[in-house]
Structure formats: structure tokens, C-alpha cells
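Observations on chain architecture
Each chain, letter by letter, is given below.
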Amino acid sequence: FLASTRHMSAILLLYLSPAAALVAPATAGTTAAGSFEAWARSADIVAPRLRIDDEDLLRGVTVLADVSAGEILCEVPRRRCLDLSAISVDPAKAGRSPCEGIAPTPLWSRLLWFERLAIWMLAEARRGSESEICGYIDYLPAPDTFADSLLEWSDAELAEFRYPPLASAVREQKESLADLLAAIRAAGGSDAAGVTMAELSWAEQIVLSRAFTSDIAKGQDGVRASRMGSDKPPPPPPKNGVLEAWERSELRGKLSLPALPNFGSLLGGGSPASSDAPLAMALMPMLDSFNHRSGAKNGCSFDPERNAFVLTAGEPLRAGEQAFISYGDKGNDELLQLFGFVEEANPHDTILAVGLAEHASGVARALCGGRDAEVARRLGLVEEQGVLPSLEAAELSARGAPVGTWHALRILLGSADEVSGAGASILARPASLETEARCWAAMRTYCKAARSAMGGPRKADLTELRAKGCAPRRRLALQFRSEKKRLLSELEAALGAVEARSRKAGKP
């Protein structure tokens, strides 16, 4: 989230980076929290009105006394953070490696930001009590915490999500970890031989689930936020109809999640030394203990006078309640990969419309009387107008679809007169009521087909969720796909309401 405060002259963009992680420790108690808080006090981390809780297997932060909007909740000195931007004056450059024993500077300079932070944290963990952040590292979730992270799921278990992009992204993450370990073994320093896949996986999941952007360089208006990931769309699904596209895209394993600036987009985003590389990232003790809630108003910023990161209350908080931060406007795809949970009725959730292009082409074929040549001509117009990616990789929300997706559908499903001549460009705007109605209907029938491809009615998922004995991994898969089905059902209903209003008004 982009947090702001009236009293700070620079802004911190808080971004918790993509990876699957169950952030709750398997065994946590007041001793662990007490030890961390004692270290935090000695480290000049100021949070007098907050208490870290380890109850119900989920860490959170409780408010000890009433707090007014605008009051400081927490202050973390920058020197107590692992901050990549502190290594180099230029945040687009790697700087000298702080952990030469594992990753000498030539190797360090080739690594992505989350790989650097993971190796750095691993090196600090090996220093034990000599590390300036030893109390923080001791409090981090233990390796067995991640026993149920998506990285540990088999292909068969990942298939239970019935969402091919997620399975593909997890496989991609596994491959990137293996590549990183191989690079450390081949070009690492004197300590590299002792690095194991288990500890590297642990370190990377910690980083990817807890890292903040720490870019404080000033640009226009004194603020410059880091850019994350790549805008390149994922490759289209195979062209075999909705259900077939859904199933075969899982087998291909080459789709990436467009909602995530994750492994697919980061690894495809060029050299880490490029100006687009998000290198100003940091691990910040205490600030990463807050749980997520969409719409939470507490804001994080950098105070250059204090040389500290500061969390400020965005609204009044009452003693005894949990304090939250928003991890950003993230859909469940991100929340699941980042933190291992699914948010019910998430207003920011989206779904990658696997097979929409095939479905729309089938509807167009029926409209054109089975004339494949005419369907091919219209698809050519879709490509000429530059909206083919919006059809092949559309992200749908409960509120609708991208403008380019509707443009593509109008070209495929418009009347002969509308699609002739210069009509294709005009169809970027709403067309005749009948053409709009065909587009709405095509999207509604796609929603039905997608729900079927995700395992049938949502009601069946909810029934199984309520049953006793549902295994944790199965439960998570059911929660995830039931929320996707909720989105599809809400979109279908919204489009039906739009059509009803339009027909009553006699215009789209």
C-alpha cells in the first residue's frame, strides 16, 4: 500500500513480495514474543502502545491503549533493517555484497532483489548473536512453519485449486530456487558449499512474504516510488474451448499470474541492474508483524530526520483491538502466494479468464452461421486493433472486464455492418443494444463454463469446507476456488442487471 502521513517528507511504498508462505509459526508462545520485544527495545525500536501476540497460531499486533488518528504506532531505525538501498547510493545498482562468504559481489550483482535479501538474511542468521538483527532473526517463523507452503504441494494437490496460473507460478518458483542454489554452488564464496535447499527455501519465503519497498530517493514532489515487475502479459492459453483450455494449460505449466509481479514477470523483466529493477527492498523488524485487512488505514513512511521507518495510525484505534495494515489492493492470487491465506469477499480479487478467447470464438462462429473464414477475419481485426491480449489474458473482476476485452468481444459479436469498414475501431465504444447484449451474454455463459471448469458449483465447495476432517491443504484449495466462483457469480449477476436496465432504457 502507498502510505502517507502529514508529518513525513518522504513516502514509503509498502510491498510484500510474491511467494507462497504460511506466516504463522508452528509453535509460538509468549516467550518468543517477549524475547523479540526485549531485543526490539534494545534495538531502539519504539512501539510503546503495541504488543505482539502469538495466539491462535497467527501472529498479530494488539493495541494496548487508545490511539488517535495521526499518532505514531511504531518507529524502526533504518540501521536495524536489512535494506538493499542502503548498500548502494543508486537503488538501481547492486552495490558491494554484504555477504561475500555466500555470494561474492560478481554473483551478487547478477541476482534478483529477493535472492539478494534471502542470501543476506541467511548470512546474518549464521552470524548468530553477532548479528545486529539477531533478535529479529530468532523470532522469524521456523523452517517447519512452511511445511504447508505451496512450494511443498505436489502437482496433484496444486491441481485441486482448479486454477492453472497458480500451479504454473508455483512450479516456476521451485525452478528459480533450484537455479539459485546451483548459482551459489557454482560461483559462491567460502561458505557457499554449506548452503542447503531447505534453508535457502526458508530464507526466500521469509523475504518474499515480509519485504517492504524502501525506496526513499526524491523525484518530482519529493517522492519516487519503486516500480515492481513487468507489464508484459502472460502467454495465451491453448485454443481448445473453456474446459479444455483450463485443463491443458495446467499441463503446459507456462502461464503466469498477471495480477502478480511475481516470478514470471520478475524473471522476465531484464537485468537486475536495469532502471526498472526493484532493488530498494528491505526487511523491517516489527513492521512485518502486522496482519492484513483490506482498507486498513495505518500508513508507513520514512522519516529522514529520525532515519527511521514510521507507522502512523490512519484512524482511531481502541485498546485491546488488533492493529492492521493493508498489504495493498491485492487479489487472492497474491495473498495466497505471498502469505498462504485467502480473503473472503476480497474486493480486489480478479481471475485470469482462461479460455475466454476460445469461448468467444465459438459464440462468434454460431453467430456467423459456422463460417470459419468470417470468424478468422474478425479475429484478425481484433489483432489489428491491438486488443487480442485483452481477450486472451483478460483479468475479470466482480465489477466487469477490461475495456480492451469488451472491444474485442464487440468485434467478434457485432453485426456485419458494425464490423465492416472502419467499424472495428468505433467498437471501442458501446455499440448497438443488441451487440452489447450478445457480449454480455457471452461473458455470462463464460462465467458458467469457468465455474464448471473449477470443479462445479460453489455450494459443493462450501459444504465440503463445513464438513469435519477436511485436510488443511484441501481446505485452502476449496477456499481459494470458492472465492473465484463467488467472483464469477457476482460478475454474471452484475451483467444481467446491466442488460435489464439497458433494455428498459432502450439503449446500452
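Residues numbered from 1 in each chain as written. Predicted model: local features only at pLDDT ≥ 70, side-chain atom pairs only at ≥ 80, totals over all residues. Heavy atoms only, no water.

The geometry of helix H11 (residues 356–367) relative to helix H17 (residues 433–453) is characterised by a closest axis approach of 10 Å and an angle of 130° between their N-to-C directions. Judged by the inter-axis angle, H11 sits oblique to H17. Like other packed secondary-structure pairs, H11 and H17 cross with a definite hand, here right-handed. Contacts between H11 and H17 involve Leu 356, His 359, Val 363 and Leu 367 from the former and Arg 438, Ala 442, Met 443, Thr 445 and Tyr 446 from the latter. Tallied by class, residues from the contact of H11 with H17 come to 6 nonpolar, 2 polar and 1 charged. (Axes fitted to C-alpha atoms, helices over the stretch in contact; angles between N-to-C directions. Helix = DSSP H or I, 4+ residues; strand = E, 2+ residues; numbered from the N terminus. Parallel < 35°, antiparallel > 145°, perpendicular 65-115°, else oblique. Left-handed = near helix turned anticlockwise from the far one by under 90°. Contact = heavy atoms within 4.5 Å. Nonpolar A, V, L, I, M, F, W, Y, C, P; charged D, E, K, R; others polar.)

Right, let's get into the nonpolar core. Counting residues in hydrophobic clusters, the biggest one holds 131 residues, and the most contacted among them are Leu 117, Phe 161 and Met 286. For Met 286, the residues in contact, after removing those within four places along its chain, are Phe 36, Ile 45, Ala 47, Leu 50, Ile 52, Val 61, Cys 74 and Val 76. (Core = buried A, V, L, I, M, F, W, Y, C linked by side-chain atoms within 4.5 Å. Buried < 20%, exposed > 50% of the residue type's maximum accessible area, 1.4 Å probe, protein only.)

Another point: the sheet that holds strand S7 (residues 281–283). Read from one edge to the other, the open sheet built from 3 strands follows the order S5-S7-S6, with strand pairing classed as antiparallel. Taken across any chain shown, the strands that pair with only one partner, and hence form the sheet edges, are strand S5 (82–83) and strand S6 (212–213). Relative to S7, S6 runs antiparallel, the two sharing 2 bridges. Bridge assignment links Phe 212 to a residue of S7, and that residue is Ala 282. (Pairing = 2+ DSSP bridges.)

Attention shifts here to the pairing of strand S3 (residues 60–63). Burial along S3 is two-sided: Gly 60 and Thr 62 and Val 61 and Val 63, pointing in opposite directions, are all buried. Here strand S2 (residues 50–53) runs beside S3; their pairing, made up of 4 bridges, is antiparallel. Pairing of Ile 52 across the sheet is with Val 61, part of S3. Of the pairings in the sheet, the one linking S3 to strand S11 (residues 322–325) comprises 2 bridges and is antiparallel in character. If you follow Val 61 over to S11, its bridge partner there is Ala 323.

Looking at the secondary structure, you find Arg 378 in helix H12 (residues 372–384). For Arg 378, the side chain forms a polar contact with the side chain of Glu 374, separated by 2.9 Å. Those residues within four positions of Arg 378 in sequence are excluded, and the remaining contacts are Leu 367, Cys 368, Ile 411, Leu 412, Leu 413, Gly 414, Ser 415, Ala 416 and Val 419. (Polar contact = N/O pair within 3.5 Å; in protein donor to acceptor, adjacent residues only side chain to side chain.)

This part covers the packing of helix H14 (residues 403–413) against H17. Contact pair H14 / H17: the axes reach a minimum separation of 9 Å and the direction vectors enclose 115°. It follows that H14 is roughly perpendicular to H17 by the angle criterion. Note that H14 runs across H17; the crossing there is right-handed. Where H14 approaches H17, its residues Thr 405, Trp 406, Leu 409, Arg 410 and Leu 413 are matched on the opposing element by Thr 435, Glu 436, Arg 438, Cys 439, Trp 440, Ala 442 and Met 443. Grouping the constituent residues of the contact of H14 with H17 by class yields 7 nonpolar, 2 polar and 3 charged.

Right, let's get into the packing of aromatic side chains. Taken as a whole and assessed by the stated rule, the structure comprises 9 aromatic pairs. Consider the rings of Phe 36 and Trp 39, whose centres lie 5.9 Å apart with planes at 35°: the pair is tilted. Placement of the pair is Phe 36 and Trp 39 together in helix H1 (residues 30–42), with a separation of 3 residues, close to one helical turn. Grouping aromatic residues by their ring pairs yields a cluster made of Trp 153, Phe 161, Tyr 163 and Phe 480. Note that Lys 484 overlies the ring of Tyr 163, its terminal NZ or CZ placed 5.3 Å from the centroid. (Phe/Tyr/Trp six-rings, centres within 6.5 Å; stacked < 30°, edge-to-face > 60°. Lys NZ or Arg CZ within 6 Å of the ring centre and 35° of its normal.)

Each turn of an α-helix holds 3.6 residues, which means side chains three or four residues apart point in the same direction. The element H14 is extensively covered by neighbouring structure, given that 10 of its 11 residues are classed as buried. Three or more residues of H14 are buried, namely Gly 404, Thr 405, Trp 406, His 407, Ala 408, Leu 409, Arg 410, Ile 411, Leu 412 and Leu 413.

The next thing to look at is the pattern of salt bridges. Within this structure, the stated rule accounts for 33 salt bridges. Salt-bridge contacts for Glu 71 lead to Arg 49; the nearest nitrogen and oxygen are separated by 3.0 Å. Taken together, the residues Glu 71 in the loop between S3 and strand S4 (72–77) and Arg 49 in the loop between H1 and S2 connect sequence positions 22 residues apart. Exposure remark for Glu 71: the relative accessible area of 26% places this residue in the partly exposed category. Taking the shortest distance from any N to any O, the salt bridge between Arg 377 and Glu 374 comes out at 3.0 Å. Here the residue Arg 377 and the residue Glu 374 both occupy positions in helix H12, the gap between them amounting to 3 residues, near one helical turn. Owing to a relative accessible area of 38%, Arg 377 belongs among the partly exposed residues under this scheme. Each member of the salt-bridge network shares a partner with another, and the members are Glu 344, Arg 458, Glu 483 and Arg 486. (Salt bridge = Lys/Arg side-chain N within 4 Å of Asp/Glu carboxyl O.)

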